[in-house]
Amino acid sequence: MKTHRLLKLLFGSFAGLLLFAVMLVWPAAVVRSQEGGETAVERAKALAAEQEARPHRHMPAIAPAGLAPLFVGIDNINIPAYTIDVTNNTFYTAFLGAEIWGAAYDPDNERLLYMDGTELWEWPLGGTINLLGNVTVNGAIATMPGLAYDNGTLYGARTLATEGIYTIDVTTLAATIVITYAQAPATVDIGGIAIDAATGLLYGVNDGSVSRGLVQINPDGTLTLVAPYLSGEDDVDGLAIGDGKAYLITDDNTPPYFNVYDLNAMAYTGTIANPWTISEIFAGGAWIDPLPVAYGVDLSPDSQSQTAAAGDTVTYTLTIENSGSVSDTFALSVVSSWATAVSTATIWLDAGESTTFTAVVDVPGNAVPGDMDTATVTAVSQADPTAADSAALTTLIPLYEVAVTPVAAALAGDPGTAAMYTVWVSNTGNMTDTYDLALSGNVWNAALSASTLPLSPGTSASVTVTVEIPAAALAGESDVVTLTALGQTGASDSASLTTTANAVYGVVAAAVTSTLSDLPGTAVTFTVQLTNTGNVTDTFTLGANSTWTATLSTLSQTVGYDASALVQVVVHIPPTAVEGESDVITVTVMSQADGAVTATTVLTATALALPPTDAYIYLPLVLKP
């Protein structure tokens, strides 16, 4: 019996004093003399809640160490609400700062709904509690000490005015009665209610004088006693049903347990230890359908970088997000070569919540350009160490460098053609830079495929340098062009490219006179001009092909580039040659440096007619004096 708590309630406030005065003359329908002290206290507090406005509490949730299926709580803001693992009686703190009068789990939205006086609140699993508003009946605020949820509908059990089962619109919070108890009001006191998800049946815990115990609430308002309370128990305020078992939740700490009733075996099968050690007025419970609990964390951005000078302090800001489905605490750590510290060692976050923290890097005083350090910051879930994420913070001392590397530094080509060089320009520093490209030192025409190159650290790009070899270039003649890459901060490098003209061979043979004639038994001499059309001195081998005897003045002739030489070809006309008989002589010239380079000229020798063979007498010429 808890009459002392009624006195404390009544005299604890002006409204309580007023309520006490009213109770002196209040109709028996409100405070019934035949009811026990607990019922009277409950009714009095419910009535006070409906008549006395109080400020809304906005208390943050506490990070749960885990999430178990049985939710319980009492009407004391200093006592946490808990979830309980019914397999091992392990308690997990859900949140603090609320009075729990009745509770129900909404699986459609993965939230726990509970009544705190006339207020309906929600607890997104693992998140922060939120006020939805005051429940009303016919426009007046009302208490619902019991809640149940099924198939998208929230039900409430009312113990004042018209007692029964109500549906509560979770948007407007307006309550409408759907079941009025068939028993006399004085015999019914149902606070905790629950619906068995497996059967759809509605159950309640009845502290009234008739059918006291666990009851089934039928649609016509009748009550079917399922099981009387165990001996010594007469006040059960909350009810939760899950996995075929009913959990009878008491606000009392004597005895310190909740009885468990197996709806299939139709028998009490055990107890659950009570997580609180005090006695209050209301208690609520609900079964949270087992849901997959996901733990996750995300650090962003994945990577950051900053430049600094020796001795500097660099600060990075990171965002950490709880990507899991429940509240969690994350441990932060950092691994680096340079001294690095994070602004906090742990961070607690609701599911989906994010916040920022900082990491500070101390650059060594003896750091030199090109030095760098990558600090790896890691966040690890304390509930599930496999849920972790890392971010890389790179601090570097700026270094600007460039390398110019040709694929080939020297090429050769024929005069009148072009040599094409592929040259790689590489950013060998640790900073992005843009390089101006230029050619210098060349005599022959040269061109670049690009004049500027922007490059990030560690990257390369190729350019093409085209060098035109003059048509008049001599064999072995060369030209050097230098490609220079100059960065915006002064970093530079260059490469020299040497282009050489190939030796080109050529010859032309031309007769000064290609036809000659004479008497048989004589010889005619042809003159052939050899012209070296190559770009290098060459020696030519000569030959003559004929029927008559033909003799060359030389069988080998050296001629300088772009020069000529004369060669005689003597053709002997046979004595037996008849008038008009001729011979064709083919003179061949071949380069000794390149046997494929040849030239020919054709000569024609013709026999003339012999003089007459008649005899003549020559008489002396006598002159008179």
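Just above sits the structure.
Only a predicted model underlies this, so the values are computations on that prediction, with no experimental measurement involved.

Ranked by internal contacts, the top residues of the largest apolar core, which has 25 residues, are F526, L530, V569, V571, V589, L603 and A605. Looking at this core, the elements with two or more residues in it are β41 (507–511), β43 (523–532), β44 (538–545), β47 (564–572), β48 (582–591) and β49 (598–607). Residues in contact with V589, not counting those within four places in the same chain, are V507, A509, L530, F540, T541, L542, V597, T598 and A599.

The peptide bond linking S300 to P301 adopts the cis configuration, its omega dihedral lying at -5 degrees. Within the chain, N138 stands out as a residue other than glycine whose phi angle is a positive 55 degrees. By secondary structure assignment, the location of N138 is in the loop between β8 (136–137) and β9 (140–141). Residue N138 is classed as exposed on the basis of its relative accessible area of 79%. The phi dihedral of D562 falls on the positive side, at around 60 degrees, and the residue is not glycine. One can find D562 in the loop between β46 (556–559) and β47.

Once that is clear, we can look at the side chain of D85. Its place among the elements puts D85 in strand β2 (residues 81–85). Notably, D85 is buried but unbridged: the nearest opposite-charge side chain belongs to K245, and the N-O separation is 12 Å. Here T87 takes part through its side chain, which lies 2.5 Å from a polar atom of the side chain of D85. With residues up to four places along the chain from it excluded, the contact list for D85 reads A68, P69, T90 and Y92.

On the surface, a cluster of nonpolar side chains totalling about 240 Å² of accessible area is made up of L519, L608 and L610. With respect to the element layout, L519 can be found in the loop between β42 (515–518) and β43. Residue L519 is classed as partly exposed on the basis of its relative accessible area, which comes to 30%.

Moving on to the sheet that holds strand β6 (residues 119–124). Judged by pairing direction, the sheet is antiparallel, and its four strands sit side by side in the order β4-β5-β6-β7 without closing on themselves. Looking along the sheet, the strands with just one partner apiece sit at the ends: β4 (102–106) and β7 (130–134). For this sheet the average axis-to-axis angle between neighbouring strands, irrespective of direction, equals 25 degrees. Sheet topology places strand β5 (residues 111–116) next to β6; six bridges connect them, and they run antiparallel. Its bridge partner lying in β6, L113 is registered against E122.

Rules and cut-offs
Residues numbered from 1 in each chain as written. Predicted model: local features only at pLDDT ≥ 70, side-chain atom pairs only at ≥ 80, totals over all residues. Heavy atoms only, no water. Core = buried A, V, L, I, M, F, W, Y, C linked by side-chain atoms within 4.5 Å. Buried < 20%, exposed > 50% of the residue type's maximum accessible area, 1.4 Å probe, protein only. Helix = DSSP H or I, 4+ residues; strand = E, 2+ residues; numbered from the N terminus. Contact = heavy atoms within 4.5 Å. Lys, Arg positive; Asp, Glu negative; His and termini not counted. Salt bridge = Lys/Arg side-chain N within 4 Å of Asp/Glu carboxyl O. Polar contact = N/O pair within 3.5 Å; in protein donor to acceptor, adjacent residues only side chain to side chain. Patch = residues over 30% accessible without salt bridge, like charges linked within 9 Å, V, L, I, M, F, W, Y side chains within 5 Å. Areas by Shrake-Rupley, 256 points an atom, 1.4 Å probe, with all protein chains shown as cover. Pairing = 2+ DSSP bridges. Axes fitted to C-alpha atoms, helices over the stretch in contact; angles between N-to-C directions.

Remember, this is a structural readout, not a statement about activity or role.
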